[in-house]
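Each chain, written out:
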Amino acid sequence: MKSALNALCLAILCLCVLNGCVQPIVLENLGIAIALGYDAAQEAEQEDKLRVTAVLINPEPEAKQKTKVVSCTANSSKGANIYLNRQLSRTLVNGQVRVVLFDGKLGDQGIKEIADTLTRDLFIKKMAYPVSRGKD
């Protein structure tokens, strides 16, 4: 009986101590993406690179613009995420992405790697709609 009481007290003490280690998530500190666009890079020297554009929600209620658009050129989707994070004062999260746009030229080259990266991202909801633009 006494050992069970000691174990219970130890468990409660551990919960109290470890509870303070959790990082709070403040929405004002996040750059929440609602749409992503993938294009083949237009420059000749950047033949195998992606041009990635993200549309972000501005969470501040007094902001004049409700969205912000950022773009970068990278070798991969994950590399683009790193470059986009460098451009922002907030941490980019993909938790509210509902639309993913693919350029028709990029679709001809194949989007298997990008689609694989997006499906493995736990923050992208299963309700994101992929859209491909046809050739011009």
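What you see is a predicted model; the values in this text were computed from it and never measured.

Definitions and cut-offs
Residues numbered from 1 in each chain as written. Predicted model: local features only at pLDDT ≥ 70, side-chain atom pairs only at ≥ 80, totals over all residues. Heavy atoms only, no water. Helix = DSSP H or I, 4+ residues; strand = E, 2+ residues; numbered from the N terminus. Buried < 20%, exposed > 50% of the residue type's maximum accessible area, 1.4 Å probe, protein only. Contact = heavy atoms within 4.5 Å. Areas by Shrake-Rupley, 256 points an atom, 1.4 Å probe, with all protein chains shown as cover. Patch = residues over 30% accessible without salt bridge, like charges linked within 9 Å, V, L, I, M, F, W, Y side chains within 5 Å. Salt bridge = Lys/Arg side-chain N within 4 Å of Asp/Glu carboxyl O. Core = buried A, V, L, I, M, F, W, Y, C linked by side-chain atoms within 4.5 Å. Phe/Tyr/Trp six-rings, centres within 6.5 Å; stacked < 30°, edge-to-face > 60°.

Another aspect to go through is the overall build of the protein chain. Of regular secondary structure, the protein chain possesses 4 helices and 6 strands. Taken across its 136 residues, the protein chain has 27% of its residues classed as buried. At a minimum sequence separation of 6, the contacts of the protein chain that also span at least 24 residues come to 56%. For the protein chain, the accessible area works out to roughly 9900 Å², and carbon and sulfur atoms hold 59% of it.

We now examine a nonpolar patch on the surface. A cluster of nonpolar side chains, L10, L13, V17 and L18, forms an exposed patch at the surface whose accessible area comes to about 410 Å². Mapped onto the fold, L10 is located in helix α1 (residues 2-19).

Core analysis: the biggest nonpolar cluster contains 22 residues, and Y38, L56, L84, F102, L106, I114 and L118 have the highest contact counts within it. Counting residues per element, the ones that place at least two in this core are β1 (30-40), β2 (50-57), β3 (67-74), α2 (77-87), β5 (99-102) and α4 (112-120).

Now for the pattern of salt bridges. It is possible for side chains bearing opposite charge to pair when their charged atoms get close. Enumeration over the complete set of coordinates arrives at 1 salt bridge. D116 is paired through a salt bridge with R120; the nearest N and O atoms lie 3.0 Å apart. Residue D116 and its partner R120 are located together in helix α4, separated by 4 residues, close to a single helical turn. A relative accessible area of 35% means that D116 is categorised as partly exposed.

Moving on: the packing of aromatic side chains. Two aromatic rings are characterised by how far apart their centres lie and by the angle between their planes. If you walk through the whole model with that rule in mind, you get 1 aromatic pair. Geometrically, the ring pair formed by Y38 and F102 is stacked, given 5.6 Å between the ring centres and 15° between the ring planes. Taken together, the residues span a long stretch of sequence, with Y38 in strand β1 and F102 in strand β5 at a distance of 64 residues. A relative accessible area of 2% places Y38 in the buried class. Exposure remark for F102: the relative accessible area of 7% places this residue in the buried category.

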